[in-house]
Amino acid sequence: MMKNTEKHYRRVTRLTDYDYKLPGVYYVTLVVKDREHLLGEIIQGEMQLSQFGKIAEQTWLVLPNKFPHLSNEDYTIMPDHMHGLLAFSEAINAGLPEIIRYFKSFSARRINHVRKCLGIAVWQRNYYEHVVRTDDEFNIIRQYIRENPMRWELKNNPRQHP
């Protein structure tokens, strides 16, 4: 049996000279490991959260309590991923990577406790992030987030929609 010696490199999406502790708005996407439909299902264009999706939502919503000067501007949870807009009103001690690490770690521990399978990865290792620079960009991303369940429904169940 031949061993695959090719290394897999993850593309880094972060800006190299940007301080992710600065005030601003950040758009993030987090994906469930192996794109498993763990967080719920879309029914008639509406996301129905599973027990695990509710844990992810509860964890996301408490982030502003854990990190001062952080606000949750918008989010949506999908069957195998989630999108969020986070805003820092002033420079914070913990930057965006630390906030996402906290969310992924805390939500995974709670989900795995319910699944009775401690130590199993829930989230993919990396995440997508984007620094939102203008109000127009913010509004476009917010609309994308809010319409995501309907787009999912149209893509995955096209026969149900004329």
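Whatever comes next refers back to the structure up there.
These figures come from a predicted structure and were not determined experimentally.

A.B. asks: Would you explain the layout of surface pockets in this entry?
C.D. replies: Unfilled space is identified by rolling a water-sized probe across the atoms. Roughly 260 Å³ of volume is contained in the largest pocket. Every residue lining the largest pocket is counted, 18 residues in all, and those nearest its centre are Ile100, Arg101, Lys104, Gln124 and Arg125. For the lining of the largest pocket, the per-class residue count stands at 8 nonpolar, 5 polar and 5 charged.

A.B. asks: I keep staring at the sheet that holds strand S5 (residues 81-88) and nothing clicks. Help me out?
C.D. replies: Hydrogen bonds between backbone atoms are what pair the strands of a sheet, whose relative direction is either parallel or antiparallel. Read across the open sheet, the 4 strands follow the order S4-S5-S1-S6; overall the sheet is antiparallel. Strand pairing shows two members of the sheet lacking a second neighbour, strand S4 (70-77) and strand S6 (128-132), which therefore form its edges. Here the average twist between neighbouring strands, direction ignored, is 15°. Pairing of strand S1 (residues 24-31) with S5 involves 8 bridges; the strand directions are antiparallel. Note on S5: the bridge partner recorded for Val31 is His81. Lying on the sheet, helix H1 (residues 51-61) is in contact with S1, S4 and S5; it crosses S4 at an angle near 165°.

A.B. asks: What is the right way to look at the nonpolar core in this model?
C.D. replies: Within soluble globular proteins, side chains that are nonpolar tend to cluster in buried spots. Counting 34 residues, the largest nonpolar core has Leu30, Trp60, Leu96, Ile99, Ile100, Phe103 and Trp123 as the members making the most contacts within it. Where this core is concerned, the elements lending two or more residues are S1, H1, S4, S5 and helix H3 (96-115). By residue number, the principal contributor to this core is H3, which donates 6 residues. With near-sequence residues (within four places) excluded, Leu96 lies in contact with Tyr20, Tyr26, Val28, Leu86, Phe88, Tyr127 and Glu129.

Basis of the calculations
Residues numbered from 1 in each chain as written. Predicted model: local features only at pLDDT ≥ 70, side-chain atom pairs only at ≥ 80, totals over all residues. Heavy atoms only, no water. 1 Å grid on protein atoms, 1.4 Å probe; cavity = no way out; pocket = protein on both sides within 12 Å on 5 of 7 lines; lining within 4 Å. Points joined across faces, edges and corners; volume = space filled by probe spheres on them. Nonpolar A, V, L, I, M, F, W, Y, C, P; charged D, E, K, R; others polar. Pairing = 2+ DSSP bridges. Helix = DSSP H or I, 4+ residues; strand = E, 2+ residues; numbered from the N terminus. Axes fitted to C-alpha atoms, helices over the stretch in contact; angles between N-to-C directions. Contact = heavy atoms within 4.5 Å. Core = buried A, V, L, I, M, F, W, Y, C linked by side-chain atoms within 4.5 Å. Buried < 20%, exposed > 50% of the residue type's maximum accessible area, 1.4 Å probe, protein only.

What is shown is where atoms sit, not what they do.
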